[in-house]
Amino acid sequence: MLQALKLVAFGAPALLCLNSTVLAEFIANPDFTQGDAEKGKQVYQRVGVCVNCHGWAGDGQAGRNPMAHAAAANLRETELDAQALYDTIRCGIPGTQMPYHDGVSYKDDRCYDLVMSDFDAGQAPVKGKTFREKQMIDLIAYLEEYIVGHGKPTYEECTHYYDTSAAKACSYLEDK
Ligand code: HEC
């Protein structure tokens, strides 16, 4: 099994069956040009629920979203490039609330050369929702197109995010 995991880490097929559960298997250096930002928006909103902590605008603020309870990093101001975003989202940031989103993280040492048993009780990295490699690439495309480097959130960005529920969700940004 370990050998199989290593093969995957070096770029072999993206999916691997473990005990009848299909676990997401991420390749180390994916081709980020394959990402679909509109599909990535679904991952941000509903699959990975990044919005719960980073807010609809990715600025770590709640806006008017009642689901956005926890202030987190401002992704609009992040200096991480696509590869670093990918690694951070897969592996999370141990010691913080930022969860990891790859089901096999910390089962082997692909994240920061660390495995679960390296952490003291209570210090273990937080596990978030896990998703497929393609969803991760789509998510990165979304972050890069709509969030990273975008300055203050605007009404237009808000209406793009909320779509049919924009009138209610974005009124606080009107005339700004
Ligand atoms: C449970 C809350 C929570 C969720 C859910 C969450 N994050 Fe985070 N995230 C955080 C916190 C808190 C930090 C800041 C950690 C620190 O103190 O460095 C962070 C940091 C980050 C960073 C590092 C930014 C930088 O410049 O260093 C990235 C990138 C990130 N999150 C992306 C995401 C994405 C994408 C998702 C959805 C797949 C997500 N996060 C889900 C709480 C969360």
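Residues numbered from 1 in each chain as written. Predicted model: local features only at pLDDT ≥ 70, side-chain atom pairs only at ≥ 80, totals over all residues.

1. Observations regarding the overall build of the protein
- Tallying secondary structure elements over the protein gives seven helices and two strands in all.
- When the helices and strands of the protein are placed in sequence order, the string is α-β-β-α-α-α-α-α-α.
- Buried residues in the protein amount to 30% of all 176 residues.
- Put simply, 56% of the contacts in the protein that link residues at least 6 apart link residues at least 24 apart. (Helix = DSSP H or I, 4+ residues; strand = E, 2+ residues; numbered from the N terminus. Buried ≥ 20, exposed ≤ 12 C-beta atoms within 10 Å, placed from the backbone. Contact = placed C-beta atoms within 7 Å.)

2. Considerations on the site of the ligand
- Near the ligand there are 23 residues, and of these G48, C50, C53, T78 and M98 occur at the shortest range.
- Sorting the residues of the shell around the ligand by element identifies α3 (51-54) and α4 (82-91) as the ones contributing at least two each.
- In terms of residue class, the shell around the ligand is built from 14 nonpolar, nine polar and no charged. (Near = placed C-beta within 6 Å. Nonpolar A, V, L, I, M, F, W, Y, C, P; charged D, E, K, R; others polar.)

3. Remarks on the environment of A82
- Among the structural elements, A82 can be located in helix α4.
- Note: C-alpha distance between A82 and I137 (55 residues apart in sequence) is 9.1 Å.
- Beyond its immediate chain neighbours, meaning those up to four positions away, A82 contacts F32, I140 and E144.

4. Focus on the confidence of the model for the protein
- Summing up the model confidence of the protein, the mean pLDDT is 84 and the portion of residues at 70 or higher is 80%.
- Mean pLDDT values over the elements of the protein span from 42, in helix α1 (residues 2-9), up to 97, in helix α5 (residues 133-147).
- Scored below 50 in pLDDT, residues 1-24 makes 26 contacts in the model with residues more than four places away or belonging to other chains. (pLDDT = per-residue confidence, 0-100.)

5. Re α5
- With 15 residues, α5 extends 20 Å between its outermost C-alpha atoms, agreeing within 8% with the 21 Å of an ideal straight helix rising 1.5 Å per residue.
- Listing the buried residues of α5 in full gives Q135, M136, I137, D138, L139, I140, A141, Y142, L143 and I147.
- Each element contacted by the buried residues of α5 is listed here: α2 (37-47) and α4.
- Looking one or two residues past α5, G149 carries a phi angle of roughly 80°, positive in sign. (Expected span 1.5 Å × (residues − 1).)

6. Looking at the nonpolar core
- Counting residues in each nonpolar core, the largest one holds 22 residues, and the members touching the most others are Y44, M136, L139, I140 and L143.
- Sorting the residues of this core by element identifies α2, α4, α5 and α6 (155-162) as the ones contributing at least two each.
- The biggest single contributor to this core is α5, with eight residues.
- Not counting residues within four places of it along the chain, the set of residues in contact with Y44 comprises C50, V51, L139 and Y142. (Core = buried A, V, L, I, M, F, W, Y, C linked by C-beta atoms within 7 Å.)

7. Digging into the packing of α2 against α5
- Interhelical geometry of α2 versus α5 gives an angle of 100° and a closest axis separation of 7 Å. Between α2 and α5, the angle falls in the class roughly perpendicular. On α5, the residues touching A37, K39, G40, K41, V43, Y44 and V47 of α2 are Q135, D138, L139, I140, A141, Y142, E145 and Y146.
- When grouped by side-chain class, the residues that make up the contact of α2 with α5 number nine nonpolar, two polar and four charged. (Axes fitted to C-alpha atoms, helices over the stretch in contact; angles between N-to-C directions. Parallel < 35°, antiparallel > 145°, perpendicular 65-115°, else oblique.)

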